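Summary of structural features
Chain residues, written in single-letter form:
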Amino acid sequence: QVQLVESGGGLVQPGGSLSLSCAASGSIFSIGHMAWYRQAPGKERELVATIDSSGITDYADFVKGRFTISIDVAKNMVYLQMNSLKPEDTDVYYCYAKIFSSPTTWDRVWGQGTQVTVSS
């Protein structure tokens, strides 16, 4: 099976930056796409950004111009560079991936999440 592990979360002041990483491991033939989601207590999990193996990206309106998603296909990793952070960015951030274990077999996988707190 495939596993996703996030890292890079922590405490940062408003206006600061953080970089999140997500590493995929296991039986990986190819990556369909990977994404970052976030979720606050009592709220629905929401999409932050997505990227496919060709580098095509999509962003939620609330992070456009501030966050950048990138992928390293050779390393099976996805990253989220977060700049100009705001207190409302405080959430648990989750990595998601659609990963192929063969040309026709795929699975949807979630990481355990990493806490991002933006506060002075």
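Residues numbered from 1 in each chain as written. Predicted model: local features only at pLDDT ≥ 70, side-chain atom pairs only at ≥ 80, totals over all residues. Heavy atoms only, no water.

**Observations regarding the overall build of the chain**
In terms of helices and strands, the chain carries zero helices and eleven strands. Taking 14 Å as the expected radius of gyration for a compact globule of 120 residues, we find that the chain reaches 14 Å, a close match to that expectation. If one aligns the C-alpha atoms of the chain with their principal axes, the spans along those axes are about 45 × 25 × 25 Å. Expressed as a percentage of the 120 residues in the chain, the buried residues total 38%. Partitioning the contacts of the chain with sequence separation of at least 6, the portion at a separation of at least 24 is 55%. Counting every atom, the chain has about 6,300 Å² of accessible surface; 48% of that belongs to carbon and sulfur. When the 9 positive and 11 negative side-chain charges of the chain are each reduced to one mean point, those points stand 1 Å apart. (Helix = DSSP H or I, 4+ residues; strand = E, 2+ residues; numbered from the N terminus. Rg over C-alpha atoms; globule rule 2.2 N^0.38 Å. Buried < 20%, exposed > 50% of the residue type's maximum accessible area, 1.4 Å probe, protein only. Contact = heavy atoms within 4.5 Å. Areas by Shrake-Rupley, 256 points an atom, 1.4 Å probe, with all protein chains shown as cover. Lys, Arg positive; Asp, Glu negative; His and termini not counted. Charge placed at Lys NZ, Arg CZ, Asp CG, Glu CD.)

**Let's talk about the side chain of Asp91**
Inspection of the secondary structure assignment puts Asp91 in strand β9 (residues 91-100). Non-local contacts of Asp91, meaning those with residues more than four positions away in its chain, are made with Arg38, Gln39, Ala40, Thr114, Gln115 and Val116.

**Notes on unusual backbone geometry**
The phi dihedral of Asn76 falls on the positive side, at around 55 degrees, and the residue is not glycine. Counting through the fold element by element, Asn76 comes out in the loop between β7 (67-72) and β8 (77-82). We note that Ser84 has phi near 50 degrees; this positive angle belongs to a residue other than glycine. Its place among the elements puts Ser84 in the loop between β8 and β9.

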